[in-house]
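# Residue-level structure breakdown
Here's the letter readout for the chains.
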Amino acid sequence: MKKIGVLTSGGDAPGMNAAIRAVVRSGIYRGVEVYGIYHGYKGLITGDIKKLEVSDVGDIVQRGGTILYTARCEEFKTEEGRATAIKQMKKFGIEGLVVIGGDGSFMGGVKLTQLGFPTIGIPGTIDNDIPGTDFTLGFDTALNTIIDAIDKIRDTATSHERRFIIEVMGRGCGDLALWSGLADGAESILIPESKEDLDTIVERLNRGIERGKKHNIIVVAEGVGRADEVAKAIKDKANMDTRVTVLGHVQRGGAPTAFDRVLAARMGNKAVDLLLSGDKGKMIAIQNNQIVAHDILDLLTKKHEFNENLYQLAKVLSI
Ligand code: ATP
């Protein structure tokens, strides 16, 4: 293999740039040309492709977002769309592809692999919702962004002796809520994997008030419902006032943490290694601090494992 491509697809995540850099430089180090494909699969169809040199990926390791831009592309889900994408890759002489994104993006990669274009995936999404890996790229950075925000909210919560409900990202996977709730001593953590009833939430709030707590924090994953709905339910049930903060897209931005940068370097390097050794249809993962690879089709039948132990620990510590 003499020429490979790299693209970012789906939702952006901090650390994607560091991963692009790692793919480009690991490739060039091994003597292959690396092509950047802009705007995800859309750029593969339109031929928005450019050869990247070592210096093109300089000064990006510390930047959030993705210099290749990201997009969702319905056309790529069609056979015609993929046929055009393959024509473009042939035109540029690209023989293999690294896809940085979520499970949808990996499905696109699998389809290309089945059509004879080897693809390797790197899990880049803040939600940590990909099975087979302990962490996805961007999760640690988003988590730290959330913690920083909750710490600030805590200051004002304590000063005014208020209860706050904070909504964080996470549709099917509550890891951002779980880890931030544990790290920030939330009274209750509401996640899609484990339902907590309203009585228990109110009971915990009351217990805190009884022992003289000056603030209360409830973290809600967006997959459970909207924070203002939780606030209304608490008001209706217990006549308690709460303040709501929805953190929103701020969670997707910012400089990647050291953890995400190092993870990106390790995953990017491994992806190039696999492609050049003839491997395909795999996703790079980190498990027990080892960089490994799993078959994407096997992975997509599974769900990201919920860490019940952490959830129980958060409950123990917020008595
Ligand atoms: P995130 O979960 O962070 O949003 P994702 O990669 O799961 O990331 P999707 O919107 O599901 O995001 O997918 C991104 C793109 O991947 C789609 O717009 C489409 O171009 C391609 N894609 C998704 N599913 C398929 C599929 N089944 N076949 C071909 N291409 C697909």
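Remember, it's a predicted structure, so these values are computed and weren't measured experimentally.

### Concerning the site of the ligand
Around the ligand, a shell composed of 17 residues is seen, among which Gly10, Gly102, Gly104, Ser105 and Gly108 lie nearest. No other element matches the six residues that helix H4 (residues 103–114) contributes to the shell around the ligand. In terms of residue class, the shell around the ligand is built from four nonpolar, nine polar and four charged.

### Here's the deal with the UniProt feature "binding site: ATP" (unreviewed entry) in the protein
Per the UniProt record, "binding site: ATP" (unreviewed entry) is found at Gly11, Arg72, Cys73, Gly102, Asp103, Gly104 and Ser105. These annotated residues cover 95 residues of sequence, but their C-alpha atoms sit close together, with the largest distance between any two at 14.1 Å. Within the secondary structure, Cys73 sits in the loop between strand S3 (49–52) and helix H3 (79–92). Discounting chain neighbours no more than four positions away, the residues touching Cys73 are Gly40, Tyr41, Lys42 and Ile45. Residue placement: Gly102 occurs in the loop between strand S4 (96–101) and H4. For Gly102, a count of 21 C-beta atoms within 10 Å corresponds to the buried category.

### Description of helix H7 (residues 198–210)
For H7, built from 13 residues, the straight-helix expectation of 18 Å at 1.5 Å per residue is met to within 8% by its first-to-last C-alpha distance of 18 Å. Gly212 sits one or two residues past H7 and shows a positive phi near 85°.

### Let's talk about the packing of helix H6 (residues 175–183) against helix H11 (residues 308–317)
Contact geometry of H6 with H11 gives a least axis separation of 10 Å together with a crossing angle of 35°. Between H6 and H11 lies a crossing of left-handed hand. Here Leu178, Gly181 and Leu182 of H6 come into contact with H11, specifically with Leu310, Tyr311, Leu313 and Ala314. Of the residues that constitute the contact of H6 with H11, the class distribution is six nonpolar, one polar and no charged.

Rules behind the numbers
- Residues numbered from 1 in each chain as written.
- Predicted model: local features only at pLDDT ≥ 70, side-chain atom pairs only at ≥ 80, totals over all residues.
- Near = placed C-beta within 6 Å.
- Helix = DSSP H or I, 4+ residues; strand = E, 2+ residues; numbered from the N terminus.
- Nonpolar A, V, L, I, M, F, W, Y, C, P; charged D, E, K, R; others polar.
- UniProt positions renumbered as here; feature names shortened; annotations may be inferred.
- Contact = placed C-beta atoms within 7 Å.
- Buried ≥ 20, exposed ≤ 12 C-beta atoms within 10 Å, placed from the backbone.
- Expected span 1.5 Å × (residues − 1).
- Axes fitted to C-alpha atoms, helices over the stretch in contact; angles between N-to-C directions.
- Left-handed = near helix turned anticlockwise from the far one by under 90°.

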